[in-house]
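Descriptive analysis of the structure
Residue-level listing of the chains:
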Amino acid sequence: MRMLIYLLQKEFKQIFRNKALLPMIFAMPIIQLLVMPLAADYEIKNINISVIDHDHSTFSTGLTQKIVASGYFKLVDYGNSYKNSLDLIEKNLSDVILEIPRGFEKNLQKENNQKVFIAVNAINGTKASIGGAYLGRIINDFNADIRSEYLPQPKQNTIPVIKISSSNWFNPFMNYTFFMVPGILVVLVTMVCAYLCSLNIVKEKEIGTIEQINVTPIKKHYFILGKLIPFWVIGMFVFTIGLFVVGRLVYGIIPLGSIALIYAYLSIYLVALLGLGLLISTYSETQQQAMSVAFFFMMIFLLMSGLFTPIESMPEWAKTIAALNPVTYFIEVMRMVVLKGSGIKDIKMHFVYMIGFGLLFNIWAILNYKKTG
Amino acid sequence: MKDVVLSNIHKTYKGRDIPALNDVSFETGEGELFGLIGPDGAGKTSLFRILTTLILPDSGCAKVCGKDVVNDYKEIRKIVGYMPGKFSLYQDLSVEENLNFFATVFNTSLKKNYDLIKDIYIQIEPFKKRRAGQLSGGMKQKLALCCALIHKPKVLFLDEPTTGVDAVSRKEFWGMLKALKEQGISILVSTPYMDEADLCDRIALIQNGKIMSIDTPHSITLNYPDPLYAVQSDQMGKLLHDLRNFREIKSCNAFGDYHHISFVSERKETGNELKDYLLKKDHSNIKLNAVAPGIEDCFIQLMDSE
């Protein structure tokens, strides 16, 4: 036990003396949490639209005005040549073309029927589909408006209409940061801990100090604990800064559920994660190797964790990968507890899985460490 | 009692054909300063790593102070000091912190064993607050020796401690080893420098993982089979080539200012014949003297006869 304390002392001394590492531990979570959620926003604004108006009627200008007034679109061109507008799309100055045919107003009034043409630049898939959908909705709205204006309102509404009114549960204003910040926080803790832990152990290998340690009577499990505990503490610290300093003060995110529950899950998550770091370090000889391997796992963990894209819409094989990814579970737990206020009953299975990951990574790492050491 | 006993040690690293150690056996006595002399890649470090329980031999048996390196490795780690060839202390900890750390690791303190390291530590004490990474080469070496000694080991393993160290520091270092020996610590030291062999009690010459000869440095030189001569002329480069083409030459090697040669036969006239031969080859200022063989001569002779 006394030995462990000395090892920890030494480890913290080294960490606090590392001029490059220290700012990373303190500043990285704050800076990244301030920058990333603002950028990772799915709400599409500022869609550039060019309207080709062959009609120049009250209706066609009314429709154009309605589109611009919605706030989603920016009118970049109002002309009467399709070729011109397509040119703008090719130069990436415009995203959507709306073509209003000649006789738009006349046909609508006389024949109760008229078509408009929409062309969408689909290079950016999200922007295209969402922009197209917005535009469709606005035209429908416009359609309803002119109906009520021109058709005499019957006293009794004979046509049954389904009216949809929706409310957003758990995040009433659909504030995107509420959804992203807890997830990004998980990723930050994951990156800081997994990298630091694996690099630290490999560094001892690289410099040769591990040999010097190996010829002393230090027990291996003390040495490993001496490596894991400091980064467990750092992980807790980074998470706390992220949750309370940035999350609460900057984004106003106050967890609905129990904070103790989040920390309980975090403490297990960190054990699993540090086990992975240890595992990587046992398979690498140099810091460069460890960094590359850790980076490889980080990329998969990030993109297949449901942070940016919902897991439900992934293909089956990808769902399997996501299910084998510890980050997935912690992000889910964070969103459930922070946004929904889920309790221990709801995330029982998440605990089981994470304990499983913890055992798997750590046992594997220790077995492999013994073999090579 | 024998402090280090090796019998029939074999070691081949994974994925390599040539064994790093091939049937190595020797013993060192208590309180002996034993030198392991051999070029780079001879297997010196592998031998140290087996004795310090860092790697396992493929076959054979090795004992340190009567304890087996495989079964009693825990015991061995308490009683040996190891200074690897590469400086491997914590560069970001200070001199003092490194010493204290290794002292506590061995469950002791700097104070308790201060006597043992005093003479060495005094030289680096003015820099005790400095980070180990910022010390000069000689200082690093002294610190490493202090750290290896801090728990008063019975056997000290020093893997090429003087490689990359200047001539003055090397001399100083061997002085320190002498002093440690007097305190009753057995020392096993390896070096690629043949001139350091004479400073050891006994030496083992090692090449390609095989021990070629084990004895005191003096006996090894006495066992040199042929009379040895040193030759010099004005054109040393050409001389080496011409000597090798002389029919009576058995061995010919460059040794600093001289070429060391031995002859096939022991005829008295050979010396004069050689001089005539060299004169014909346009050499001037020819000197030919008998010399006593050194360790390096013996090493080369043993290597050639293998």
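Since this is a predicted model, take the numbers as computed values, not measurements. (Residues numbered from 1 in each chain as written. Chains lettered and ligands numbered in written order. Predicted model: local features only at pLDDT ≥ 70, side-chain atom pairs only at ≥ 80, totals over all residues. Heavy atoms only, no water.)

What follows is about the overall build of chain A. When helices and strands are tallied, chain A shows 14 helices and four strands. Taking 373 residues into account, the globule formula puts the C-alpha radius of gyration at 21 Å, and chain A, at 29 Å, lies well above it. For chain A, the spread of C-alpha atoms along the three principal axes comes to 95 × 45 × 40 Å. A total accessible area of about 19800 Å² is found for chain A, and carbon and sulfur atoms account for 64% of it. On chain A, the mean spot of the 32 positive side-chain charges and the mean spot of the 23 negative ones are 12 Å from each other. (Helix = DSSP H or I, 4+ residues; strand = E, 2+ residues; numbered from the N terminus. Rg over C-alpha atoms; globule rule 2.2 N^0.38 Å. Areas by Shrake-Rupley, 256 points an atom, 1.4 Å probe, with all protein chains shown as cover. Lys, Arg positive; Asp, Glu negative; His and termini not counted. Charge placed at Lys NZ, Arg CZ, Asp CG, Glu CD.)

Counting secondary structure elements, chain B contains ten helices and 14 strands. Taken across its 306 residues, chain B has 53% of its residues classed as buried. Partitioning the contacts of chain B with sequence separation of at least 6, the portion at a separation of at least 24 is 67%. On chain B, roughly 14200 Å² of surface is accessible, and the fraction owed to carbon and sulfur atoms is 48%. Once the 39 positive and 41 negative side-chain charges of chain B are each reduced to a mean point, those two points are 6 Å apart. (Buried < 20%, exposed > 50% of the residue type's maximum accessible area, 1.4 Å probe, protein only. Contact = heavy atoms within 4.5 Å.)

This part is about a nonpolar patch on the surface. Residue and element names in this part refer to chain A. Taken together, the side chains of I31, L34, V35, V245, L249 and V250 make up a nonpolar region of the molecular surface, amounting to roughly 530 Å² of accessible area. Residue assignment for the nonpolar patch shows that the elements contributing at least two residues are helix 2 (21-39) and helix 9 (220-250). With respect to the helices and strands, the residue V250 is situated in helix 9. Residue classification places V250 among the partly exposed positions, given a relative accessible area of 47%. (Patch = residues over 30% accessible without salt bridge, like charges linked within 9 Å, V, L, I, M, F, W, Y side chains within 5 Å. Salt bridge = Lys/Arg side-chain N within 4 Å of Asp/Glu carboxyl O.)

This next bit is on the sheet that holds strand 1 (residues 47-53) of chain A. Residues and elements named next belong to chain A. Strand order in this open sheet of four strands is 2-1-3-4, and the pairing throughout is mixed. Each end of this open sheet is capped by a strand with a single partner; those strands are strand 2 (73-79) and strand 4 (117-120). Between one strand axis and the next, the sheet turns through 20 degrees on average, direction left out of account. Both strand 1 and strand 2 contribute to a ladder of six bridges, which runs parallel. Paired with I47 across the bridge in strand 2 is F73. Against the sheet, helix 4 (residues 82-90) makes contact with strand 1, strand 2, strand 3 (96-100) and strand 4, and its axis sits at roughly 170 degrees relative to strand 3, the strand it touches most. (Pairing = 2+ DSSP bridges. Axes fitted to C-alpha atoms, helices over the stretch in contact; angles between N-to-C directions.)

All names here are of chain A. For helix 2, which comprises 19 residues, the first-to-last C-alpha distance of 26 Å matches the rise-based estimate of 27 Å (1.5 Å per residue) to within 8%. A bend of about 45 degrees at A27 is the largest found in helix 2, and the proline P29 appears one to four places after it. When helix 2 is considered as a whole, its buried residues turn out to be L21, I25, M28, P29, L33 and P37. Its buried side turned inward, helix 2 meets helix 1 (2-17), helix 7 (176-207) and helix 9. (Expected span 1.5 Å × (residues − 1). Bend = angle between axes of the 7 residues up to and from the residue.)

Let us now look at the interface of chain B and chain A. Every contact between the two is made by 24 residues of chain B and, on the other side, 23 residues of chain A. Among the residues chain B hides against chain A, the three largest losses belong to R77(B), Y90(B) and V105(B). Together they make up 24% of the total. Summed over the shared surface of chain B and chain A, the number is four salt bridges. For E97(B), the salt bridge goes to K13(A), with nearest N and O atoms at 3.5 Å. In this assembly, chain B and chain A are joined by twelve residue pairs in polar contact (both at pLDDT 80 or more). Of all elements in the fold, only helix 2 (73-79) and helix 3 (95-105) of chain B reach the threshold of two or more residues within the side of chain B that touches chain A. No other element matches helix 3 of chain B, which puts five residues into the side of chain B that touches chain A. Split by residue class, the side of chain B that touches chain A holds eleven nonpolar, six polar and seven charged. (Buried area = accessible area lost by both parts, 1.4 Å probe. Polar contact = N/O pair within 3.5 Å; in protein donor to acceptor, adjacent residues only side chain to side chain. Nonpolar A, V, L, I, M, F, W, Y, C, P; charged D, E, K, R; others polar.)

Split by domain assignment, chain A resolves into domain 1 (21-40 + 174-372) and domain 2 (47-150). Taking the mean C-alpha position of each, domain 1 of chain A and domain 2 of chain A sit 47 Å from one another. (Domains from an automatic or database assignment.)

You'll often see interface size given as the accessible area lost when the parts meet. Residues and elements named next belong to chain B. When cut into domains, chain B gives domain 1 (2-221) and domain 2 (224-305). Contacts between the two partners involve 15 residues from domain 1, matched on the other side by nine residues from domain 2. A per-residue breakdown of the area domain 1 buries against domain 2 is headed by M194, M212 and T221, which together make up 58% of the total. Linking domain 1 with domain 2 are zero salt bridges, by the criterion used here. At the boundary of domain 1 and domain 2, one finds one residue pair in polar contact (both at pLDDT 80 or more). Only strand 9 (202-207), strand 10 (210-215) and helix 7 (217-222) provide two or more residues apiece to the side of domain 1 that touches domain 2. Residues belonging to the side of domain 1 that touches domain 2 are distributed by class as follows: ten nonpolar, four polar and one charged.

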